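Residues per chain are reported as follows:
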Protein chains: 2
Amino acid sequence: MKIGFLGPKATFTDIAARSLFPNETAVAYPTIPACFDALNENEIELAVVPLENALEGSVNITLDYLIHEVDFPIIGELTAPIRQHFMVHPDHVKEWDKTEAVYSHSHAIAQCHKFLHKELKGIPCESTTSTAAAAQYVKENPDLRAGAIANELAAEVYGLAIVKEDIHDFDFNHTKFIVLSSKELSINEDRKEFSGNKTTVMVTLPADRSGALHQVLSAFAWRNLNLTKIESRPMKTGLGNYFFIIDVDMKQDDVLIPGAVAELEALGCSVKILGSYPYFQLRNKNTKVLQD
Amino acid sequence: MKIGFLGPKATFTDIAARSLFPNETAVAYPTIPACFDALNENEIELAVVPLENALEGSVNITLDYLIHEVDFPIIGELTAPIRQHFMVHPDHVKEWDKTEAVYSHSHAIAQCHKFLHKELKGIPCESTTSTAAAAQYVKENPDLRAGAIANELAAEVYGLAIVKEDIHDFDFNHTKFIVLSSKELSINEDRKEFSGNKTTVMVTLPADRSGALHQVLSAFAWRNLNLTKIESRPMKTGLGNYFFIIDVDMKQDDVLIPGAVAELEALGCSVKILGSYPYFQLRNKNTKVLQD
């Protein structure tokens, strides 16, 4: 089976795709829309793209395509910790603190602001197009005495040594990835990362009036349906019109969710189920630190 | 007065800062945390950073800093359309469709997926660290026969000619920027972009239980307080704990908002007002297209 993911190699999306589908062929695509096109054109059976809090892809593009362009269901979700490490060329491990330049994606540089301020104050930071590109550049230019901020997969793929791990400012920073399928495949729930099932619903309100959202939530609340996420998004028809993405913490059933949907439609809302699927959580694992 | 913004020059944040404060000195900072530091250290009086849907900065970093690190109030918001244009070196305007490479930020390349597929199919796209960097590169390398995807300010600043305007896939794509101040300044509402006042409230739920959010919204609904945005965000203490960012469509008053806040606190929620401020909308303006 072929899995498409938002590349390049060694992105966080790559880590997510490898964890969920370790034995399949993974194909990197340069953008999120390119992933969706590949799914449309049957180049791949599954696509793994970031949905939240990603460094590499704009989350808004994923949502825009899900809502306006792509009619494939979400078949799975993976939450993975975002861990940034400081890595240097293997020749420079001992004198890593004499680094003369730091390379990384600008968002990763921003995420590690405190580390850079404390440990490498005044050292110039150069932006690259991805954290993986930074790792590759540092490996290919040992004379530069440069360091990269990137993930553990990038260290492994490009052969750098991690000298400081977990240098990001905020712990518990996670990214969510979703898996889309053109073939109505399902992901095996029988694995240690399995955490439960959820159903994602998109609700468009009939008018922008006070209390309408409250009414929508009533349809879920009186059925004791637990909502784990709610997000308002502007409609593409102009400012001021909103729809809501709601995660219900259960698998789609025959009674409760259809009942809530019918009630919302009777109130004049338009409702679309984006998928009912298992979600998985990748735990932190210790990386190997090569510092002496 | 000195205004800090997320740079480099000619980003969308630069456009936002110039529109709100045309006569002040604007200083570019490489990351969002660097903007906040400058505010902390009194290098600048105001900071303009993206809050939603940005190309250049991670929105999550702005929210993380607002919630965990920075205690300055939001004093204003500006919504600006995201418009991407295709631009080439002035020497190549006539034969722009013979472009041999396209340079831009990867998110902008993704946002213009359909244009690239239709008009420049098969032409290689190269990622740059910002749309402004792409424009600069294309200007400095006229021999390359390259084009850049960037905004109108970048075309102006770097001296490129826009040959196709509004090439982004989705119309009505907007970015929100917020203005923070360390000096309790206020922004003059007497300007044509003024659209109203809002109050942003952060609510942390006492426990992750079904219907809790519904109860929170009741406190606003029965007071007829209109909510224009609601977003759940994971707490930094681990997965599964959420707080909510809620925009109430009015200026903070002495009765209704304090009443709702008191009620929420009585229910065991923790509540923080992130700011009560005017919001502004930048309209589309026509760019000059140089195509013959």
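Residues numbered from 1 in each chain as written. Chains lettered and ligands numbered in written order. Predicted model: local features only at pLDDT ≥ 70, side-chain atom pairs only at ≥ 80, totals over all residues. Heavy atoms only, no water.

- The name given to chain A in an unreviewed UniProt entry is Prephenate dehydratase, with the source organism recorded as Cytobacillus firmus.
- Heading Pathway (unreviewed entry) of the UniProt record for chain A holds this comment: "Amino-acid biosynthesis; L-phenylalanine biosynthesis; phenylpyruvate from prephenate: step 1/1."
- Its UniProt record, at the heading Catalytic activity (unreviewed entry), says of chain A: "prephenate + H(+) = 3-phenylpyruvate + CO2 + H2O". (UniProt positions renumbered as here; feature names shortened; annotations may be inferred.)

1. So, the overall build of chain A
Now for step 1: Across its full length, chain A carries nine helices and 14 strands.
Now for step 2: With respect to the principal axes defined by its C-alpha atoms, chain A has extents near 70 × 40 × 35 Å.
Now for step 3: Looking at chain A residue by residue over its 292 residues, the buried ones come to 61%.
Now for step 4: Entry remark: accessible area of chain A is about 11,800 Å², with carbon and sulfur atoms responsible for 48%.
Now for step 5: Treating the 27 positive side-chain charges of chain A as one cloud and the 39 negative ones as another, the clouds have centres 4 Å apart. (Helix = DSSP H or I, 4+ residues; strand = E, 2+ residues; numbered from the N terminus. Buried < 20%, exposed > 50% of the residue type's maximum accessible area, 1.4 Å probe, protein only. Areas by Shrake-Rupley, 256 points an atom, 1.4 Å probe, with all protein chains shown as cover. Lys, Arg positive; Asp, Glu negative; His and termini not counted. Charge placed at Lys NZ, Arg CZ, Asp CG, Glu CD.)

2. Points about helix 9 (residues 256-266) of chain B
Residues and elements named next belong to chain B.
Now for step 1: Inspection of helix 9 places I257, G259, A260, V261 and L264 among the buried residues, and these make up the whole buried set.
Now for step 2: On its buried face, helix 9 sits against strand 11 (194-204), helix 8 (212-221), strand 13 (242-248) and strand 14 (270-281).
Now for step 3: Following helix 9 by one or two positions, G268 has its phi on the positive side, about 100°. (Contact = heavy atoms within 4.5 Å.)

3. Comments concerning the sheet that holds strand 9 (residues 161-164) of chain B
Residues and elements named next belong to chain B.
Now for step 1: The strand order across the open sheet formed by five strands is 7-6-8-5-9, and the pairing between neighbours is mixed. Two strands in the sheet have a free side with no partner beyond their single neighbour: strand 7 (125-128) and strand 9. With direction set aside, neighbouring strand axes in the sheet form an average angle of 35°.
Now for step 2: The strands touched by helix 6 (residues 131-140) are strand 5 (85-88), strand 6 (101-105), strand 7 and strand 8 (146-150); relative to strand 8, the strand with the most contacts, the crossing angle is about 155°. (Pairing = 2+ DSSP bridges. Axes fitted to C-alpha atoms, helices over the stretch in contact; angles between N-to-C directions.)

4. A word on the packing of aromatic side chains
Now for step 1: Taken as a whole, this structure holds 12 aromatic pairs over all chains when the rule is applied.
Now for step 2: Taking 6.0 Å as the distance between ring centres and 65° as the angle between the ring planes, the aromatic pair formed by F194 of chain A and F280 of chain A counts as edge-to-face. Of this pair, F194 of chain A sits in strand 11 (residues 194-204) while F280 of chain A is found in strand 14 (residues 270-281), placing the two residues 86 residues apart along the sequence.
Now for step 3: The class of F194 of chain A is partly exposed, set by a relative accessible area of 28%.
Now for step 4: Taken together, a centroid distance of 5.7 Å and an interplanar angle of 45° make the contact between F86 of chain B and F115 of chain B tilted. On the criterion of sequence distance, the pair formed by F86 of chain B in strand 5 and F115 of chain B in helix 5 (residues 113-119) is long-range, its members being 29 residues apart. F115 of chain B matches F86 of chain B in its accessibility class, with the two residues each being buried. (Phe/Tyr/Trp six-rings, centres within 6.5 Å; stacked < 30°, edge-to-face > 60°.)

5. Focus on the state of the cysteines
Now for step 1: Counted according to the given criterion, the structure contains zero disulfides over all chains.
Now for step 2: Here C112 of chain A is not disulfide-linked; the sulfur of C125 of chain A is the nearest cysteine sulfur, at 9.5 Å. (Disulfide = S-S within 2.5 Å.)

6. Details of the domain arrangement of chain A
Now for step 1: Here the domain parsing of chain A yields domain 1 (1-82 + 173-183), domain 2 (85-164) and domain 3 (196-280).
Now for step 2: Just the C-alpha atoms count here: the centres of domain 2 of chain A and domain 3 of chain A sit 43 Å apart. (Domains from an automatic or database assignment.)

7. Quick notes on the packing of helix 8 of chain B against helix 9 of chain B
Residue and element names in this part refer to chain B.
Now for step 1: Where helix 8 meets helix 9, the axes come as close as 9 Å, and the angle between the chain directions of the two elements is 155°. Considering the angle they form, helix 8 stands roughly antiparallel to helix 9. Read as a crossing pair, helix 8 and helix 9 show a hand that is right-handed. Note on element contacts: helix 9 touches helix 8 through A260, E263 and L264, opposite V216, A219 and F220.
Now for step 2: Here the residues of the contact of helix 8 with helix 9 are counted per class, giving five nonpolar, no polar and one charged. (Parallel < 35°, antiparallel > 145°, perpendicular 65-115°, else oblique. Left-handed = near helix turned anticlockwise from the far one by under 90°. Nonpolar A, V, L, I, M, F, W, Y, C, P; charged D, E, K, R; others polar.)

8. Observations concerning helix 2 (residues 32-40) of chain B
Residue and element names in this part refer to chain B.
Now for step 1: Most of helix 2 sits out of view: eight of its nine residues are buried.
Now for step 2: Buried within helix 2 are the following residues: I32, P33, A34, C35, F36, D37, A38 and L39.
Now for step 3: By the N-cap criterion, in which a side-chain oxygen at the helix start approaches the backbone nitrogen of a residue two or three places on, helix 2 is capped by T31, the distance to A34 being 3.2 Å.
Now for step 4: Of the residues one or two after helix 2, N42 is the one with positive phi, at around 60°. (Polar contact = N/O pair within 3.5 Å; in protein donor to acceptor, adjacent residues only side chain to side chain.)

9. Points about the pattern of salt bridges
Now for step 1: Tallied over the entire structure, the rule returns 28 salt bridges over all chains.
Now for step 2: For R145 of chain A, the salt bridge is made with E95 of chain A, and the minimal N-O distance between the two is 3.5 Å. Here the residue R145 of chain A occupies a position in the loop between helix 6 (131-140) and strand 8 (146-150), and E95 of chain A occupies one in the loop between strand 5 (85-88) and strand 6 (101-105), the gap between them amounting to 50 residues.
Now for step 3: In this structure R145 of chain A comes out as partly exposed when scored by relative accessible area, which is 22%.
Now for step 4: For R18 of chain B, the salt bridge goes to D14 of chain B, with nearest N and O atoms at 2.9 Å. Linking R18 of chain B with D14 of chain B, this pair stays in helix 1 (residues 12-20), spanning four residues, or about one helical turn. (Salt bridge = Lys/Arg side-chain N within 4 Å of Asp/Glu carboxyl O.)

10. Observations regarding the environment of A150 of chain A
All names here are of chain A.
Now for step 1: Residue placement: A150 occurs in strand 8.
Now for step 2: Judged by relative accessible area, which is 0%, A150 ranks as buried.
Now for step 3: Spatially, the C-alpha atoms of A150 and H105 are 8.5 Å apart, while their sequence positions differ by 45 residues.
Now for step 4: Leaving out residues up to four positions away in the same chain, A150 has contacts with R83, Q84, H85, M87, T131 and A135.

11. A look at the sheet that holds strand 5 of chain A
All names here are of chain A.
Now for step 1: Ordered in space as 7-6-8-5-9, the five strands form an open sheet in which the pairing is mixed. Where the open sheet ends on each side, the last strands, each with one partner, are strand 7 (125-128) and strand 9 (161-164). Direction aside, neighbouring strands of the sheet carry axes that sit 35° apart on average.
Now for step 2: For strand 5 and strand 8, the ladder comprises four bridges, and the chain directions are antiparallel. Along strand 8, the bridge assignment pairs M87 with A148.
Now for step 3: Most of the contacts of helix 6 go to strand 8, to which it runs at about 155°, and overall it touches strand 5, strand 6, strand 7 and strand 8.

12. Some points on unusual backbone geometry
Apart from glycine, the bulk of residues carry a negative phi angle, and the bulk of peptide bonds sit in the trans form.
Now for step 1: Between G7 of chain A and P8 of chain A the backbone carries a cis peptide bond, its omega angle lying at 5°.
Now for step 2: Looking at where P8 of chain A falls in the secondary structure, it is placed in the loop between strand 1 (2-6) and helix 1 (12-20).
Now for step 3: Notably, A10 of chain B is not glycine yet its phi reads approximately 75°, a positive angle.
Now for step 4: The buried category is assigned to A10 of chain B, whose relative accessible area is 0%.

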